[in-house]
Amino acid sequence: MEKALQLAEKAFSLGEIPVGALVLFQDKVIGEGYNRVELDCDVTAHAELIAIKNASSNLSNPNLKGAILYTTLEPCLMCLGALLLSNISSIVYGASNQKLGVVDTLIKMRQIPHPGEYPEVIEGVLSDRCQELLTNFFINLRRGG
């Protein structure tokens, strides 16, 4: 999660909502990303999707069974859809997403029909630090900074 936080800090420095994500497979980072929505003018450029895309490319396989996604913020519906389709085995996240979180917050992931296995979920890892980064970003944004 430390590495995901570093990626989130990079997003922060670029004026993006500070979310970072990485995918581990067999104890190796095979994909990483940070939010690039504003930079790329692309609403799909979420940290998790970028990390999944990089991981699949590095494995030359869209099936990420056995891999773990670490993300600083609970995934939204779009990202969770990609995680389910990729067969990721575990999702580890920091801060809960009160506006868009669909793993545990607004919707429970298991309420979403899925023909495969649901990933294991570990929530709240370094949540205070993840939340603090988000809070500081939005305070800075409101101040015009």
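Residues numbered from 1 in each chain as written. Predicted model: local features only at pLDDT ≥ 70, side-chain atom pairs only at ≥ 80, totals over all residues. Heavy atoms only, no water.

Engineer: Describe unusual backbone geometry, with residues and values.
Structural biologist: Positive phi values are uncommon outside glycine, yet Gln26 reaches one of about 50°. Here Gln26 lies in the loop between strand 1 (20-25) and strand 2 (28-34). Backbone geometry places Leu126, a non-glycine residue, at a positive phi of 55°. Its location among the elements puts Leu126 in the loop between strand 5 (120-122) and helix 5 (127-142). (Helix = DSSP H or I, 4+ residues; strand = E, 2+ residues; numbered from the N terminus.)

Engineer: With reference to specific residues and values, describe the sheet that holds strand 5.
Structural biologist: Taken together, the five strands give an open sheet; going across it, the order is 2-1-3-4-5, and neighbouring strands pair in mixed fashion. Every other strand in the sheet has two partners, leaving strand 2 and strand 5 as the edge strands with one partner each. Adjacent strand axes in the sheet meet at a mean angle of 15° when their direction is disregarded. Pairing analysis gives three bridges linking strand 4 (residues 90-95) to strand 5, with the strands arranged parallel. (Pairing = 2+ DSSP bridges. Axes fitted to C-alpha atoms, helices over the stretch in contact; angles between N-to-C directions.)

Engineer: An account of the pattern of salt bridges is requested, with residue identities and associated values reported.
Structural biologist: Counted according to the given criterion, the structure contains four salt bridges. One salt bridge in this structure joins Arg36 and Asp40, with 2.9 Å as the shortest N-O distance. (Salt bridge = Lys/Arg side-chain N within 4 Å of Asp/Glu carboxyl O.)

Engineer: With reference to specific residues and values, describe the environment of Glu74.
Structural biologist: Inspection of the secondary structure assignment puts Glu74 in the loop between strand 3 (68-73) and helix 4 (77-85). In sequence terms Glu74 and Val92 are 18 residues apart; their C-alpha atoms lie 8.5 Å from each other. Setting aside chain neighbours within four positions, we find Glu74 in contact with Tyr93, Ala95, Ser96, Asn97, Gly101, Val102, Val103, Asp104 and Thr105. At 3.0 Å, the side chain of Glu74 and the backbone nitrogen of Val103 are in polar contact. (Contact = heavy atoms within 4.5 Å. Polar contact = N/O pair within 3.5 Å; in protein donor to acceptor, adjacent residues only side chain to side chain.)

Engineer: Got a sec to walk through the packing of helix 3 (residues 47-59) against helix 4? Specific residues and values, please.
Structural biologist: The geometry of helix 3 relative to helix 4 is characterised by a closest axis approach of 9 Å and an angle of 20° between their N-to-C directions. Put simply, helix 3 runs roughly parallel to helix 4. The chirality of how helix 3 crosses helix 4 is left-handed. Taken together, the residues of helix 4 that come into contact with helix 3 (itself represented by Glu48, Leu49 and Ile52) are Met78, Cys79, Ala82 and Leu83. Class assignment for the residues of the contact of helix 3 with helix 4 results in six nonpolar, no polar and one charged. (Parallel < 35°, antiparallel > 145°, perpendicular 65-115°, else oblique. Left-handed = near helix turned anticlockwise from the far one by under 90°. Nonpolar A, V, L, I, M, F, W, Y, C, P; charged D, E, K, R; others polar.)

Engineer: Run through the packing of aromatic side chains, naming residues and quoting values.
Structural biologist: For the structure on display, the rule yields two aromatic pairs. Between Phe12 and Phe137, the ring centres sit 5.8 Å apart and the planes meet at 70°, which makes this aromatic pair edge-to-face. Remark: Phe137 occurs in helix 5 and Phe12 occurs in helix 1 (residues 2-13); sequence separation between them is 125 residues. For Phe137, a relative accessible area of 8% puts it in the buried group. In this structure an aromatic cluster arises from ring pairing among Phe12, Phe137 and Phe138. (Phe/Tyr/Trp six-rings, centres within 6.5 Å; stacked < 30°, edge-to-face > 60°. Buried < 20%, exposed > 50% of the residue type's maximum accessible area, 1.4 Å probe, protein only.)

Engineer: So what's going on with the nonpolar core? Which residues, and what values?
Structural biologist: One finds Val23, Leu64, Leu69, Leu80, Ile88 and Ile91 to be the most contacted residues of the largest nonpolar core, which totals 40 residues. At the level of secondary structure, the elements contributing two or more residues to this core comprise helix 1, strand 1, strand 2, helix 3, strand 3, helix 4, strand 4 and helix 5. Residues contacting Ile88, with those up to four places away along its chain left out, are Val23, Leu64, Ala67, Ile68, Leu69, Leu83 and Pro119. (Core = buried A, V, L, I, M, F, W, Y, C linked by side-chain atoms within 4.5 Å.)

In short, shape yes, function no, at least from these values alone.
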